[in-house]
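Residues per chain are reported as follows:
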Amino acid sequence: MAASTLLFVASILLSSFALSCNASGTFSALQKSILLTSSPKSGQVLKAGEANITVTWSFNKTYPAGTDSAYKTVKVKLCYAPISQKDRGWRKTKDELKKDRTCQHKIVKRDYKPESDSVTWTVERDIPTATYFVRAYVFNAEEKEVAYGQSTNDGKKTNLFEVEAITGRHVSLDIASACFSVFSIVSLAGFFYLEKRKANASQQK
């Protein structure tokens, strides 16, 4: 009994040590220990500002017990697929996480829990037209990435979906235009009124 307890404690310590080693700032060092799915179907086109995405994630229990002992927070992000990164250096994938530009759009940040968690997110109005997938990063207490999960495969070729950006004028521009038009009309009316007063004053003299 004592031996099994020691083995269990040792496995937790080894997992924690592995996590510390993996928190080296590179994507390739992260554990893919999070199972994640997103609601859009492969090839589906979502309209920015209107469509919703439901993301569900949980700990992959095929990993040894204690693997997630250092997990503290989860950040879920919308990420560019390779087809929408081509010839766009500002979206380039790099193994060094600080320089990686794959996942630029935050969906949600949550405290980590091993059981299933989910969020329904409305695609924001400023999301550009592109092909996407969803990824979750897990952070330790030092705010270092230690694990991840994503809605696509390792090659980022499956379960991809598109977002169609908002085109045309925004409501704010329409409001600004209307205000400017009203101001112009009032200014013009005021100008004619002053001119008329000047003309009447001249005639009375």
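What you see is a predicted model; the values in this text were computed from it and never measured. (Residues numbered from 1 in each chain as written. Predicted model: local features only at pLDDT ≥ 70, side-chain atom pairs only at ≥ 80, totals over all residues. Heavy atoms only, no water.)

Caption draft 1: Main features of the environment of Ser42. By the secondary structure assignment, Ser42 is in the loop between β1 (34-38) and β2 (45-47). Taking the relative accessible area as the measure of exposure, Ser42 reaches 57% and is therefore exposed. Ser42 sits 115 residues away from Lys157 along the chain, and the two C-alpha atoms are 9.9 Å apart. With sequence-adjacent residues up to four places away left out, Ser42 is seen in contact with Asn159 and Leu160. (Helix = DSSP H or I, 4+ residues; strand = E, 2+ residues; numbered from the N terminus. Buried < 20%, exposed > 50% of the residue type's maximum accessible area, 1.4 Å probe, protein only. Contact = heavy atoms within 4.5 Å.)

Caption draft 2: Main features of the state of the cysteines. The tally for this structure, following the rule as stated, stands at 1 disulfide. Sulfur-sulfur distance for the disulfide between Cys79 and Cys103 comes to 2.1 Å. Across the S-S bond linking Cys79 and Cys103, the dihedral sits near 100°, which makes this disulfide right-handed. With Cys79 in strand β4 (residues 73-80) and Cys103 in strand β5 (residues 103-111), the pair connects residues that are 24 residues apart, well separated along the chain. Cys103 carries the same exposure label as Cys79, and that label is buried. (Disulfide = S-S within 2.5 Å.)

Caption draft 3: Seen up close, the pattern of salt bridges. Applying the stated criterion across every chain, the model contains 5 salt bridges. A salt bridge links Arg110 to Asp117; the nearest nitrogen and oxygen atoms lie 3.0 Å apart. Assessed through its relative accessible area of 28%, Arg110 is described here as partly exposed. For Lys113, the salt bridge is made with Asp117, and the minimal N-O distance between the two is 4.0 Å. Within this structure, Arg110, Lys113 and Asp117 form a network of salt bridges that share partners. (Salt bridge = Lys/Arg side-chain N within 4 Å of Asp/Glu carboxyl O.)

Caption draft 4: Broad picture of the pairing of β4. Counting buried residues along β4, 6 of its 8 residues qualify, which places the element largely inside the surrounding structure. Direction of pairing for β4 relative to β5: antiparallel, over a ladder of 7 bridges. Within β5, the position partnered with Thr73 by the bridge is Asp111. In this structure, β4 lies alongside strand β7 (residues 130-139), joined through 8 bridges in antiparallel fashion. Each residue of the ladder has a partner; that of Leu78, found in β7, is Val134. (Pairing = 2+ DSSP bridges.)

Caption draft 5: Expanded view of the sheet that holds strand β6 (residues 117-122). Read from one edge of the open sheet, 3 strands run β1-β3-β6, paired in antiparallel fashion. The sheet terminates laterally at β1 and β6, the two strands that pair on one side only. Sheet twist, expressed as the average angle between the axes of neighbouring strands with direction ignored, equals 15°. Note: β1 against strand β3 (residues 52-59), 5 bridges, orientation antiparallel. Each bridged residue has a counterpart across the sheet, and for Ile34 the counterpart in β3 is Phe59. (Axes fitted to C-alpha atoms, helices over the stretch in contact; angles between N-to-C directions.)

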